Amino acid sequence: MSSSPSQSTLPTLPKSDFDANHLEEEHVHKVYNNIAHNFSDTRHKPWPRVVEFLRSFPSGSLILDIGCGNGKYMNIRHDLMMIGCDRSEGLLKICRDRHFQVFLSDCMKIPVPTNMFDGAICIAVLHHISTENRRLLALKEFVRLLKPGGQALITVWAKEQEVENKKSTYITKNAKSCPIHQKHEQTDELIIHTPRTEFQRSDCLVPWSKPDEKLLRYYHVFVQNELEHILNHISEVKILNSYNDDGNWCIIFMKIV
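Residues numbered from 1 in each chain as written. Predicted model: local features only at pLDDT ≥ 70, side-chain atom pairs only at ≥ 80, totals over all residues. Heavy atoms only, no water.

Observations regarding helix H4 (residues 89-97)
Stated formally: Three labels apply to residues, based on accessible area from a 1.4 Å probe with only protein chains included: buried if under 20% of the type maximum, exposed if over 50%, partly exposed otherwise in between. Put simply, DSSP marks the helices as runs of H or I at least four residues long and the strands as runs of E at least two long, and each gets a number from the N terminus on. A contact between two residues is defined here by any heavy atoms of the two lying within 4.5 Å.
Those residues of H4 that sit buried are Gly90, Leu91, Leu92, Ile94 and Cys95. Lining the buried residues of H4 we find helix H1 (17-34), helix H2 (36-41), strand S2 (81-86) and strand S3 (102-104). Phi for His99, located one or two positions after H4, is positive at around 70°.

Next comes the structure, spelled out in structure tokens:
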């Protein structure tokens with residue numbers, strides 16, 4: 001993608017599964033392969049509440065990191081059996097160079113046996129899935145691979161970047177003025193989000209700048225209780241906790257029989 005994409009070339013909200021596949025391939029998968037090393041350099045500090053969740057498992061537990069990125073959670077505990085999967089070959093290469101056990105996979109169809117894992121994490125991944133039906137398919141897949149009694153932690157970007165009068169780090173760090181995208185309000189065309197500002201719409205393109213180009217990543221930012229609403233369609237799920245963590249909606253659930 002060129003550094004100045006014209007407004008007429010912006011993608012639209014998907015109307016079919018084919019459209020969704022194409023949008024995610026162009027504005028998620030290809031982008032993360034392109035920016036893998038640059039992205040990895042900005043992702044090195046584990047989130048404390050993800051670490052807390054991982055520390056809750058007994059020694060020897062088998063844990064899957066779905067969308068493991070550069071593997072920053074893979075060595076939090078050396079007494080856990082951590083396996084990671086990701087859609088980006090570039091990020092997987094970084095993991096393999098760090099001697100982590102990882103494999104290539106789409107999060108909607110993960111090639112592992114049913115009832116295999118004691119736990120799973122999926123950190124900042126589900127917001128790259130472009131339709132509610134596909135997000136539900138991914139969550140069903142997360143439930144499938146858990147053992148009964150297994151637990152998972154899911155985090156997604158929140159549309160609400162200010163909760164209980166507290167602004168997130170995302171919009172307080174390097175804050176910028178936010179333009180109003182009125183020309184897009186009545187169309188399906190995705191808007192380009194202004195980084196470090198409040199989200200104007202749930203579905204948008206978030207820029208990632210490289211020295212020679214600007215790449216646009218697709219995001220569906222979740223509103224409060226949206227993740228719970230989708231999980232309520234899955235009968236084998238018991239929600240244990242849900243919370244906001246600095247601009248992210250997070251949920252912990254258990255697989256029940």
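What about the pairing of strand S1 (residues 62-66)?
Formally: Strand pairing is assigned whenever DSSP detects at least two bridges linking the two strands.
Taken across its five residues, S1 has five buried, putting it largely inside the fold. With burial as the criterion, each face of S1 is covered, one bearing Leu62, Leu64 and Ile66 and the other bearing Ile63 and Asp65. Pairing of S1 with S2 involves five bridges; the strand directions are parallel. Considered in S2, the bridge of Ile66 is made with Cys85. Strand direction decides the pairing type here: S1 and strand S4 (residues 117-123), joined by three bridges, are parallel. Each residue of the ladder has a partner; that of Asp65, found in S4, is Ile121.

Focus: the sheet that holds strand S9 (residues 203-210)
Heads up, the condition is: Axes here refer to lines fitted to C-alpha atoms; in helices the fit is confined to the stretch in contact. Angles between the N-to-C directions go from 0 to 180 degrees.
The strand order across the open sheet formed by three strands is S8-S9-S10, and the pairing between neighbours is mixed. Of all strands in the sheet, those with a lone pairing partner are strand S8 (191-192) and strand S10 (213-220), marking the two edges. Along the sheet face, H1 touches S9 and S10 and points at about 125° away from the line of S10.

Thoughts on unusual backbone geometry
Even without glycine at this site, Ala124 takes up a positive phi of about 60°. For Ala124, the position within the fold is in the loop between S4 and helix H5 (132-145). Within the chain, Arg196 stands out as a residue other than glycine whose phi angle is a positive 70°. For Arg196, a relative accessible area of 25% translates into the label partly exposed.

Examining the sheet that holds S1
Taken in spatial order, the seven strands line up as S3-S2-S1-S4-S5-S12-S11 in an open sheet, and their pairing is mixed. The open sheet has two edge strands with one neighbour each: S3 and strand S11 (237-244). Pairwise comparison of adjacent strand axes, ignoring direction, gives a mean angle of 15° for this sheet. Two strands pair when backbone bridges link them, and S2 and S3 are joined in this way by three bridges, in the parallel orientation. From the neighbouring strand, Gly84 faces S3, where its bridge partner is Val102. Of the strands in this sheet, S2 and S3 are in contact with H4, which crosses S3 at around 165°. Packing against the sheet, H5 makes contact with S1, S4, strand S5 (146-157), S11 and strand S12 (248-255), and its axis sits at approximately 145° to S5.

Comments concerning the side chain of Ser130
We apply this condition: Polar contacts, as used here, are pairs of N or O atoms within 3.5 Å; protein pairs need one atom able to donate a hydrogen and one able to accept it. Residues neighboring in sequence count only if both atoms are side-chain atoms.
Structurally, the position occupied by Ser130 is in the loop between S4 and H5. At 2.7 Å, the side chain of Ser130 forms a polar contact with the side chain of Glu24. Those residues within four positions of Ser130 in sequence are excluded, and the remaining contacts are Pro14, Ala20, Leu23, Glu24, Arg135 and Tyr218.

Overview of H1
Put simply, the rule reads: Working rule for helices: expected span equals 1.5 Å times residues minus one. One fitted axis covers the seven residues ending at a residue, a second covers the seven starting there, and the bend at that residue is the angle between these axes.
Helix length check: H1 (18 residues) gives 24 Å between terminal C-alpha atoms against 26 Å at 1.5 Å per residue, within 8%. Of all the bends in H1, the greatest measures close to 40° and is centred on Glu25. The elements touched by buried residues of H1 are H2, H4, H5, S9 and S10.

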